[in-house]
Amino acid sequence: MRRGSQDSRYIRQLGGESKMKRKPLFLNVLFETLFFSITALLLSMSLSLAQASPALYSIRNDYIVVLKDDIEDPETVVAEMKKMFKIKCSLMYSHCLKGFSAIIPAPALAKIKSDPRIKYIEPDAIAYALVQTLPAGVNRIKATRNSAAMIDGSDERVDVDVAIIDTGIDLSHPDLNVVQNVSFVPRASSGNDDNGHGSHVAGIVGAIDDGVGVVGIAPGARLHAVKVLDRRGSGKISWIIAGIDWVTKHADEIEVANMSLGSIGYLQSLRDAIINSVNKGVVYVAAAGNEEDDVYGKDGIFGTEDDHVPAAYPEVAAISAMADFDGLPGGIGGTIGNESDDTLASFSNFSRSVVSDNPVTSPGAAIDFAAPGVDIYSSYKGGGYKTLSGTSMASPHGAGCVALYISQHGRAHNAAQVAAIRQALIDRAEPQTSWGPQDTKDPDPNHEGLVDAEAIDQPPLGPASLRLIMVKPEVALIGKGKTQAFVATGLYTDGSTREITASVVWSSSDPAVATIDSGGVASGLSEGVVQIRATLGEISSSPAFLTVSASLPWQSILITPATYSIRIGDSCQYKAIATYPDATSEDVTNLVIWSSSDPAVATIDSHGRALGTGFGTAIITARSGEIVSQEAELRVVRSRVGIILSDLFNLVRE
């Protein structure tokens, strides 16, 4: 009996049901090192899944260059830059982004940064795959009861197009309906799968219901093989963006894209590519990751260097993995290794918090829902079949359900409709309280439901209704006698947003400190801090915080450190101290607006945390209104490079 993987390129053998024997990693790591000409992160032979902690590593001299949005002819601009700066361009983007990837030596980088046509430059990085019998997962999410799936042993195909952004798909596999293929991996001329991961993912989404092999969630769906990972299951972020660009080009026919892959860090170019593709109506579904970690990383903060991407991006449906061994709820399917029936998989990433502007609302916070991801039997390369485990296997269960929903209720044409489709599946998911066990082993208090294919048959949930109110700014500071305008935005169940400032009821927690009128304009009356809320019916916003100072707030802002040096991929914390006219001071690090003069060298978030992104020097400043701090110099002195292990290994059960 074969057991599957926490899917990636390293395979480990299980000597029995629960005891693992490990194959040596050294040769694979050494080959990776030589292939990319980088210093590898060495893994000891005793390294366990829980001990491994991947980080974002750039590739020396490899960059993603994004042009400004108003560039009308990116091809001409790229040709001019190649000649002007004598650089070697690898890939060009014109649909999800305007830009290109290139090898740019340090002397040329300094020159190209000054070109006014460039929006930003970001170091390229490495990402990895997160690794007819009726599979238990198909039964468990009730796909057999979905009328659009039509799972009955006869070949009736779901009329939806799904892109598999992965290692490719076995183009001649008899169980897979592959209609297009493309490769962005050097020396791979087609989208044919030379790893097996992408074929396995594709089978979960749409293996044909013909009485042979396996059957997918959306049987016979038209599959588009987008090869962005090589035979080892690894690939550059620039390759992945090229795949997204191709999907965006074909957004008039492709409705869903599955990304069972990941990297670590906040990659603006990757997020921008996905945002623009979602704006075309493509629903992106991604594996949450297999690191037993928050999708926002150990700091729990979105937009920092330890994010698990693309799953952390609000525009993507992130899917966690659960274990199911009998295709039924109740928790009576027993235990295999570390996994118990009807519980969250021990390796799955999770979510303790979610950004306020997330376009959907899930009980799982930044996770949309869970899906089966342990011991999943599906198609494989070479016309074969294999059992694998990982959030890579959970994600295509979600993508298949999105395909079923679209086949019954229609596709999305913009970001709001993409969010509406995600919300519909979230709202129809089976709550964890119905899974069976009293303890579902979810490590956080946000308990996502299990995607429910049968519930997709239900008609749309009626007219859009308000489900969330957001108030901006979230933090403000004014002087006594001054005013501050607040804006309320409503987020609705169909994914749309509307400004509702004039429709809500505004309130201040302490009218003696500040009042707020019906138009959202607050007036400072005395020193203190108040909470500002907007309410409409039974829905109230999270509080915004307004501080009223006795006089015009700050005389000056001083930031520290004044000079600092870090390496690419490292971060440092800045602090902002405001001085008042009476010579008193206050830490205002979280109240100022931080900025970097060159995001291609260093970025800085709203909490004053800077991240080195490329060689060079960036000037860091903090601002509040018309008051600007002194300039602090941040030097990014050298790159720390290596490999990313998003899914660390494959598991095989004999």
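Now for a look at the structure at hand. Everything quoted here is computed from the prediction, not taken from an experiment.

### Thoughts on the sheet that holds strand 39 (residues 602-604)
And step 1. One open sheet holds the three strands; their spatial order is 35-40-39, and the pairing between them is antiparallel. Taken across any chain shown, the strands that pair with only one partner, and hence form the sheet edges, are strand 35 (571-573) and strand 39. For this sheet the average axis-to-axis angle between neighbouring strands, irrespective of direction, equals 20 degrees.
And step 2. With three bridges joining them, strand 39 and strand 40 (residues 609-612) adopt antiparallel strand pairing. Each bridged residue has a counterpart across the sheet, and for A602 the counterpart in strand 40 is G612.

### A closer look at the nonpolar core
And step 1. Residues I165, I244, L270 and Y284 are the most contacted members of the largest nonpolar core, which totals 108 residues.
And step 2. Residue contributions to this core peak at nine residues, all from helix 8 (residues 391-409).
And step 3. Shared between two domains, this core holds at least three residues of each, these being domain 1 (62-123) and domain 2 (136-457).
And step 4. Setting aside its immediate chain neighbours within four residues, L270 contacts E122, I237, I240, I241, I244, V309 and Y313.
And step 5. Formed by 24 residues, the second largest nonpolar core is a distinct cluster that contains I566, A602, I620 and L634.

### Considerations on the packing of helix 8 against helix 9 (residues 415-428)
In a pair of packed helices, the angle between the axes and the distance between the axes together describe the arrangement.
And step 1. Interaxial distance between helix 8 and helix 9 falls to 10 Å at its minimum, and their mutual angle equals 110 degrees. One finds that helix 8 runs roughly perpendicular with respect to helix 9. In this structure, helix 8 uses G398, C401, V402, Y405 and I406 to contact helix 9, whose residues at the interface are I421, A424, L425 and R428.
And step 2. When its residues are assigned to classes, the contact of helix 8 with helix 9 shows seven nonpolar, one polar and one charged.

### Topic: a nonpolar patch on the surface
And step 1. Together, V475, V529, F545 and L591 make up an exposed nonpolar region whose accessible area comes to about 300 Å².
And step 2. The residue F545 is located in strand 32 (residues 544-549) in this model.

### A look at helix 9
And step 1. When the terminal C-alpha atoms of helix 9 are compared, their 20 Å separation across 14 residues agrees well with the 20 Å that a helix rising 1.5 Å per residue should span.
And step 2. Within helix 9, ten of the 14 residues are buried, which leaves it mostly tucked inside the rest of the structure.
And step 3. Looking at the packing, one finds that the buried side of helix 9 touches helix 7 (268-278), strand 13 (283-287), strand 15 (317-323), strand 19 (369-372), helix 8 and strand 22 (466-472).
And step 4. If you check the start of helix 9, you find a side-chain oxygen 3.2 Å away from the backbone N of A416, and it comes from N414.

Reading the values: rules and limits
Positions within a chain are numbered from 1, following the residues in the order the chain's sequence is written. Note on the predicted model: pLDDT of at least 70 is required for a residue's local features to be given, and 80 or more for side-chain atom pairs to be given and counted; whole-chain, interface and lining totals, by contrast, use all residues. Here the side-chain values reflect all heavy atoms present in the structure, with hydrogen atoms and water set aside. Between any two strands, pairing holds if DSSP finds at least two bridges. Only DSSP runs of H or I with at least four residues qualify as helices, and only runs of E with at least two residues qualify as strands; both kinds are numbered from the N terminus onward. Think of each axis as a best-fit line through the C-alpha atoms, taken over the contacting stretch in the case of a helix, with angles from 0 to 180 degrees between the N-to-C directions. Note on terminology: a nonpolar core comprises buried Ala, Val, Leu, Ile, Met, Phe, Trp, Tyr and Cys residues joined through side-chain atoms within 4.5 Å. Three labels apply to residues, based on accessible area from a 1.4 Å probe with only protein chains included: buried if under 20% of the type maximum, exposed if over 50%, partly exposed otherwise in between. The domain limits used here are those given by an automatic or database domain assignment. Here, residues are in contact when the closest pair of their heavy atoms is within 4.5 Å. To sort the angles, those under 35 degrees are grouped as roughly parallel, those over 145 as roughly antiparallel, those from 65 to 115 as roughly perpendicular, and the leftovers as oblique. Each residue gets one of three labels, nonpolar for Ala, Val, Leu, Ile, Met, Phe, Trp, Tyr, Cys and Pro, charged for Asp, Glu, Lys and Arg, and polar for the others, Gly among them. Any residue with relative accessible area above 30% and no salt bridge may belong to a patch, with like charges joined within 9 Å and the nonpolar Val, Leu, Ile, Met, Phe, Trp and Tyr side chains within 5 Å. The accessible surface values rely on the Shrake-Rupley method and a 1.4 Å probe; as for residues, cover is taken only from the protein chains in view. What makes a salt bridge here is a side-chain nitrogen of Lys or Arg within 4 Å of a carboxyl oxygen of Asp or Glu, nothing more. By this rule, a helix spans an expected 1.5 Å times one less than how many residues it contains. Two N or O atoms count as a polar contact when they lie within 3.5 Å, although within protein this holds only if one can serve as hydrogen donor and the other as acceptor, and sequence-adjacent residues are included solely when both atoms are side-chain atoms.

Functional significance is not addressed by these values, which are geometric in nature.
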